[in-house]
Each structure stands twice: as C-alpha cells, then as structure tokens.
Amino acid sequence: MTSPPPNRYSAPALEKGLDILEALAQNEDGYTLNELSKTLGRNVNEIFRMVVTLQHRGYIQQAEPDDRYSLSMKLFQLAHYQQPIKSLVQAALPLLKELAERSRQSCHLSLFRSGRMVIVAQVDSPERWSFGLKVGEAMGLTDTSSGHVMLAYQDEIERTRMLSSHIKVEGELQMDPGELFSILKEVRNNGHACMASIQIGGITNIAFPVFSNGGRVAAAINVPHIARVDGTPRPNIDQIKEIMSNISLRLSMRIGYNPGATDDDTQA
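## Some words on the packing of aromatic side chains
Where two aromatic rings form a pair, the distance of their centres and the angle of their planes describe that pair. Per the stated rule, a full pass over the model turns up two aromatic pairs. Aromatic pair Y153 and F211: ring centres 5.3 Å apart, planes at 85 degrees, arrangement edge-to-face. Highlighted residues: Y153 in the loop between helix 6 (145–152) and helix 7 (156–164) and F211 in strand 7 (residues 203–211), separated in sequence by 58 residues. Y153 gets classed as buried once you look at its relative accessible area, which sits at 7%. Residues F211 and Y257 carry aromatic rings whose centres are separated by 5.1 Å and whose planes lie at 35 degrees to one another, so their mutual orientation is tilted.

Here's what the structure looks like:
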C-alpha cells in the first residue's frame, strides 16, 4: 500500500484503523489476521485490538470457516446518509415505483462508489414473480449494463480513474479492454445498455443513464427483465425501453439536468 505524506498531527491508532479498512476495501476475498498483518507490515499483536474493535463496531465482519475478515456494509450505510445520495434516492423512488408499475418488472438505481456499482434504491415488480437486488449490494463495473452506462458517459480522464480504482466483485468476469470500449461506444450510440445477464439465466438487463447538473452521468436505472411464457400481456423489452427513457430523463431533470444545454458535455 502507498503511504500518505507525513502529517504534522499524528494519530497512530486512527491511522492503524484506517490502514485496516483501506486494505480490506482493496481485497474482495478479505484477509485472515495473519494475512492482514503481512499486508500492512505490522505484527499481529499491533493490529489485533484494532481489528476486534472494528468488528465490534460493525465496520468489518469475520466469516467461517477460515476466519477471514472483510468489510461490512456499515461504511456504505454511513455514506448513504450524505445529503447528495439521500436527495437522489428521495427523488428517484416515486419514479422507480412508476417504472415498476408500468413495466411490470422490478427496477433499481445504482451508483459508482469505492470501485464498484452499488444499489442505492430498489422497487419490486407488482406481479407475483419478481427478481431484484437488495439495497447495498455491490455489482460489477465492467460486466453489467449499469456499469457500462456509468462508464460510457464519462470523459476519458474520469473513465480511466474509475477503471483504475475498480474492485472486482464475486463472479465478475474479466473483460478485454478492446471489447469493453466497443461495448461502451455502442451504449453511447444507443443511449442505453441492454444485455443478457452474465450471472443469472433468463434475465435481460436494461440500463439507462441518469444525468446530473452539468451533464455528467450520476447513476444508472436498471430493469432486470424477466420474460413470461404463459401469454400474460405485459410490456415487451422495446416498450420498456421507451418507458425507461422517459423515467430516466424525468429523474435527470429533477436533479438539475438541462438536456438542451449540455449535450456536448455527455460525449466521451
């Protein structure tokens, strides 16, 4: 790990705790206590009490059978209290409920945070069967429709920063850079992403961008589409795309997007 510059006002215990959190954030598989001590360059006795305290406070968790430590969702939950995210979720929920009702599908809103796509709001389908992801769950950046939308509308500098800070989630596939950039170009041309789920059979993920003030993509709306085979009338994928286009534009405008003034800003 890269050491930060010297600080006039040292707080060794705090520094130690932050080192532990940062190390765990960079390894999705987590560490045993011995592995963590080697990664940090500290002996086990130096970090043991700090690890126990962080676990007691709910910031990290320990999994059996190998007693590996990993981050809990508490840091995400704290970040979720921040006004920008809270305001976005408040603005989005009524429109997500409308989307679920009109499409007869579940839907969710996700953001890029700490190297991953994270679900910040979710609404179930009004039908008996539905497929959805839990709020707080992390998704892949490079192999999901939501991740493709987030990457496609960034400028080159921001896209490079996102990819360099990217942390793979469990099951995320390795994506060839050439193939990825070809997909991102197609997403920009189409205005949305649509792809069969790589993780779950029978799901087609449809994602649209949500733009903020200045024309930068702030979030992605996703419908994990489930096809019914019993003939029950419901919107098809093309009809759902029309609904999502309307919903995503309305949400964008609610959070300050001016589509007539920032078209150039959204091009990578």
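## Here's the deal with the nonpolar core
Judged by nonpolar contacts, the single largest core of 26 residues is most densely connected at L96, L99, C107, L109, I221, M244 and L251. Listed by contribution, the elements that provide at least two residues to this core are helix 5 (83–103), strand 3 (107–113), strand 4 (116–123), strand 7, strand 8 (217–226) and helix 9 (237–254). In terms of residue count, the dominant contributor to this core is helix 5 (nine residues). Residues contacting I221, with those up to four places away along its chain left out, are L96, L99, H108, L109, I206, A207, F208, V210, M244, I247, S248 and L251.

What counts, and where the lines are drawn
- Residues numbered from 1 in each chain as written.
- Predicted model: local features only at pLDDT ≥ 70, side-chain atom pairs only at ≥ 80, totals over all residues.
- Heavy atoms only, no water.
- Phe/Tyr/Trp six-rings, centres within 6.5 Å; stacked < 30°, edge-to-face > 60°.
- Helix = DSSP H or I, 4+ residues; strand = E, 2+ residues; numbered from the N terminus.
- Buried < 20%, exposed > 50% of the residue type's maximum accessible area, 1.4 Å probe, protein only.
- Core = buried A, V, L, I, M, F, W, Y, C linked by side-chain atoms within 4.5 Å.
- Contact = heavy atoms within 4.5 Å.

What is shown is where atoms sit, not what they do.
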